[in-house]
Amino acid sequence: MNTATAGFKVDYPAYLSKHDIVFLSPPDEGWEGFPIGNGNLGGMIWCTQSGFRMQVNKTDTWDHTDEEVGAVLRSCGQLSIDFGAPCTDWMYLDDFEGRLSLAEAR
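**Things to note about the overall build of the protein chain**
Reasoning step 1: Scanning the protein chain for helices and strands turns up two helices and eight strands.
Reasoning step 2: For the protein chain, the N- to C-terminal ordering of α and β elements is α-α-β-β-β-β-β-β-β-β.
Reasoning step 3: A compact globule built from 106 residues would reach a C-alpha radius of gyration of about 13 Å, whereas the protein chain, at 19 Å, exceeds it by more than 25%.
Reasoning step 4: Dimensions of the protein chain along its principal axes, counting C-alpha atoms only, are 55 × 50 × 20 Å.
Reasoning step 5: Taking all 106 residues of the protein chain together, the buried fraction comes to 16%.
Reasoning step 6: Partitioning the intrachain contacts of the protein chain with sequence separation of at least 6 by distance along the chain shows that 44% fall at a separation of at least 24.
Reasoning step 7: When the accessible surface of the protein chain is totalled, it reaches about 8200 Å², and 56% of it is carbon and sulfur.

Here it is, written out as structure tokens:
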């Protein structure tokens, strides 16, 4: 079906930008972090007082501990970047905006 003849047209970048994930304060815990990935390999990025931490996960990283507990999702690894200065500390932070852009995929 041709959308031009049906009378229905969507400006995808403008529509998707309304649904961006915007952080107005630095995420301090892993569960608050910026989600990244493609559905198979992914992770979270969050802030520490002097840098960033990223945890990487994969969909098939399961640990089968025993019959009672069952399967537990494990982390593939973590990467820490420390700048040696309090770059995301509230005392030194004037403004913060983190954006996960759906239209631009970045």
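**Some remarks on the confidence of the model for the protein chain**
Detailed reading of the predicted coordinates is not advisable wherever pLDDT falls low.
Reasoning step 1: The share of residues in the protein chain with pLDDT of 70 or more is 91%, and the mean pLDDT across the chain is 82.
Reasoning step 2: Across the protein chain, the element-wise mean pLDDT spans from 57 in helix α1 (residues 3-6) up to 92 in strand β7 (residues 77-82).

**Let's talk about a nonpolar patch on the surface**
Reasoning step 1: Residues F52, L79, I81 and F83 make up a contiguous nonpolar surface patch of about 370 Å² in total accessible area.
Reasoning step 2: Among the structural elements, L79 can be located in strand β7.

**Here we look at the pattern of salt bridges**
Reasoning step 1: Here the structure, examined in full by the defined rule, presents four salt bridges.
Reasoning step 2: Put simply, K58 and D60 hold a salt bridge, and the shortest N to O gap is 4.0 Å.
Reasoning step 3: Looking at K58, the relative accessible area reads 28%, which means it is partly exposed.
Reasoning step 4: Overall, the relative accessible area of 56% leaves D60 in the exposed class.
Reasoning step 5: In this structure, the salt-bridge partner of R99 is E97, at a minimum N-O distance of 3.3 Å.
Reasoning step 6: R99 sits in the partly exposed class, given a relative accessible area of 41%.
Reasoning step 7: Each of the salt bridges in this network shares a partner with another, and the network as a whole consists of D20, E97 and R99.

Definitions and limits used
Residues numbered from 1 in each chain as written. Predicted model: local features only at pLDDT ≥ 70, side-chain atom pairs only at ≥ 80, totals over all residues. Heavy atoms only, no water. Helix = DSSP H or I, 4+ residues; strand = E, 2+ residues; numbered from the N terminus. Rg over C-alpha atoms; globule rule 2.2 N^0.38 Å. Buried < 20%, exposed > 50% of the residue type's maximum accessible area, 1.4 Å probe, protein only. Contact = heavy atoms within 4.5 Å. Areas by Shrake-Rupley, 256 points an atom, 1.4 Å probe, with all protein chains shown as cover. pLDDT = per-residue confidence, 0-100. Patch = residues over 30% accessible without salt bridge, like charges linked within 9 Å, V, L, I, M, F, W, Y side chains within 5 Å. Salt bridge = Lys/Arg side-chain N within 4 Å of Asp/Glu carboxyl O.

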